[in-house]
Amino acid sequence: MINPDQRAAAFIPSAPPVVMDDVYTPDQIDGLLDAVRAGPPRRLLTAELFSSAEELMIATSGSVAEGVTLDQFLDPMFRGDLGQHGASFHPGADAVLYNEKLLNWARRYRKTDYVCARQLHFNVASPMKCQDPGHYDSPSFRGLSHTNTPIWLLSVMANSRLFEEYKSKLVAVVTWFWRTSDQGGFTYWPDGADKAPQRIAAPLWNRGIVAENESMFHRGESIGTPDQWGVPGLTFDSVFEGDPDSASGWRMRSGDTVIGRFATEELRWLFHWTALTFTDYQDFKRHVDHLDDLTHERVIDTLLRDLRGQGIGIATPSDPLHDEEFKMTLLRNYAIGSPKIYPPEAPVYRAAA
Ligand SMILES: [Fe+2]
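Residues numbered from 1 in each chain as written. Predicted model: local features only at pLDDT ≥ 70, side-chain atom pairs only at ≥ 80, totals over all residues. Heavy atoms only, no water.

## Notes on the side chain of T264
Next up, step 1: Of note, T264 is situated in the loop between β13 (257-262) and β14 (268-278).
Next up, step 2: You can call T264 buried: its relative accessible area is 17%.
Next up, step 3: For T264, the side chain forms a polar contact with the side chain of W250, separated by 3.0 Å.
Next up, step 4: With residues near it in sequence (within four places) discarded, T264 still touches L33, S248, W250 and W269. (Helix = DSSP H or I, 4+ residues; strand = E, 2+ residues; numbered from the N terminus. Buried < 20%, exposed > 50% of the residue type's maximum accessible area, 1.4 Å probe, protein only. Polar contact = N/O pair within 3.5 Å; in protein donor to acceptor, adjacent residues only side chain to side chain. Contact = heavy atoms within 4.5 Å.)

As structure tokens, this is what we get:
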């Protein structure tokens, strides 16, 4: 029987991450900010991705502790998409999404010629504490991704390691912009969650990392100092948007109430570009022609077989994706541990019950 810490220790990327400076040109950065400004008001990352504390904790590598609520994870970090599935959502994002330099970095990282620009999204945050003990990004599998499968099930699939041959071979270039403080860097565990991390310390501007974030624990560090943390009036319905009263400013809003106004440099920005790669032409055809896709039925059958093989008596659920008891059984049995070692300059704050 594999324990949660052993599961976490097994998350090691296929190649070491590579740190890159001057990822984007000034024009490309302007284009990205234009695309953010043109987009809709953006929601909190936690509100966008999770519907309960349990879902958040399984996805961020914590154990499922009793009594923890989503409210304890209310922090001013917002998320938005600028491109998905190879489609750009704004002309300002084109030069980044279809960037030849980044495509070639992805090729080199995965040692293949077959690459497809897939996704571009951003996170933006004002100073806040880091409660993230380290997480891996939600993976995709042939046939199953966040568009048709709940994130908790994708996490269970990744934690179980029963579906590795179906896992999409993604490469991310995550680029950071935050030079206002020396607090707010990036920690990553390229040798497994039981080993010492590496770190890109703040201040950083236009510095990126080429990495496989679905197979490596990582986290953004606390931003700024405790006296700067938080935004009064923030709720799970708060939004982030361009400030209509300032051509280059930004604001956070709860309903009709503006709760904060910010200059670009008062926020930590992260632009997250993702490419999908294929081993060779055959692998590409398998993917795009759906020659060997997973289905929810195949996944549930495999998980049930695995659990029963471990001696866990479990009935076959009639509606597995909406059966709370079944879901919690999976979350408990395929729980994953957290990294054990943190940089002394960047500790983690854990939500307490
Ligand atoms: Fe991440």
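On we go from here.
## Things to note about the coordination of the iron ion
Next up, step 1: Within the protein, the atoms that donate to the iron ion are H135 (NE2), D137 (OD) and H218 (NE2), at distances of 2.1 to 2.2 Å.
Next up, step 2: In terms of primary sequence, the donors binding the iron ion are separated according to H-x1-D-x80-H. Across the pair, D137 and H135 agree in class, each one buried. (Donors = N, O, S within 2.8 Å, 3.2 Å for Na, K, Ca; no water.)

## Considerations on the nonpolar core
Next up, step 1: Ranked by internal contacts, the top residues of the largest apolar core, which has 43 residues, are Y24, L82, F240, W269, F271 and W273.
Next up, step 2: What Y24 contacts, discounting residues up to four positions off in sequence, is I29, L32, V96, L102, T175, F177, N206 and W273. (Core = buried A, V, L, I, M, F, W, Y, C linked by side-chain atoms within 4.5 Å.)

## A look at the pattern of salt bridges
Between side chains of opposite charge, a pair can form as their charged atoms come close.
Next up, step 1: The tally for this structure, following the rule as stated, stands at 23 salt bridges.
Next up, step 2: When the shortest N-O distance is used, the salt bridge between D243 and R261 registers 2.8 Å. Here the residue D243 occupies a position in the loop between β11 (239-242) and β12 (250-254), and R261 occupies one in strand β13, the gap between them amounting to 18 residues.
Next up, step 3: Across the pair D292 and R298 runs a salt bridge, and its minimum N-O distance is 3.4 Å.
Next up, step 4: Accessibility expressed as a relative area gives 35% for R298, which makes it partly exposed.
Next up, step 5: Here the residues in one salt-bridge network are R43, E48, R79 and D81, joined through shared partners. (Salt bridge = Lys/Arg side-chain N within 4 Å of Asp/Glu carboxyl O.)

## Remarks on unusual backbone geometry
Next up, step 1: Backbone torsion omega between A202 and P203 reads 0 degrees, so that peptide bond is classified as cis.
Next up, step 2: Take P203: it is sitting in the loop between β8 (198-200) and β9 (204-211).
Next up, step 3: If you check the backbone angles, N206 has positive phi at about 65 degrees while not being a glycine.
Next up, step 4: Among the residues examined, N206 registers a relative accessible area of 5% and is labelled buried.

## What to know about the layout of surface pockets
Next up, step 1: Reported here for the second largest pocket is a volume of approximately 290 Å³.
Next up, step 2: Looking at the lining of the second largest pocket, the elements with two or more residues in it are β5 (114-125), β14 and α8 (281-288). (1 Å grid on protein atoms, 1.4 Å probe; cavity = no way out; pocket = protein on both sides within 12 Å on 5 of 7 lines; lining within 4 Å. Points joined across faces, edges and corners; volume = space filled by probe spheres on them.)

## What about the pairing of strand β7 (residues 186-189)?
Next up, step 1: A two-sided burial pattern is seen for β7, the buried positions comprising F186 and Y188 on one face and T187 and W189 on the other.
Next up, step 2: Across three bridges, β7 lies against β8 in antiparallel orientation. Its bridge partner lying in β8, F186 is registered against I200.
Next up, step 3: Bridge count for β7 against strand β10 (residues 217-220) is four bridges, and the pairing is antiparallel. Residue pairing across strands places T187 opposite R219, the latter belonging to β10. (Pairing = 2+ DSSP bridges.)

## So, the packing of aromatic side chains
Next up, step 1: Under the definition given, this model contains 19 aromatic pairs.
Next up, step 2: Taking 6.3 Å as the distance between ring centres and 40 degrees as the angle between the ring planes, the aromatic pair formed by F122 and W269 counts as tilted. Residue F122 is found in strand β5, and its partner W269 is found in strand β14; the two are separated by 147 residues along the sequence.
Next up, step 3: Of the residues examined, W269 reaches a relative accessible area of 1% and is grouped as buried.
Next up, step 4: Through pairs of rings, three or more aromatic residues link up here, namely F78, F122, F177, W205, F240, W250, W269 and F271.
Next up, step 5: Seen from the ring of W205, R179 lies directly overhead, with NZ or CZ sitting 3.8 Å from the centre. (Phe/Tyr/Trp six-rings, centres within 6.5 Å; stacked < 30°, edge-to-face > 60°. Lys NZ or Arg CZ within 6 Å of the ring centre and 35° of its normal.)

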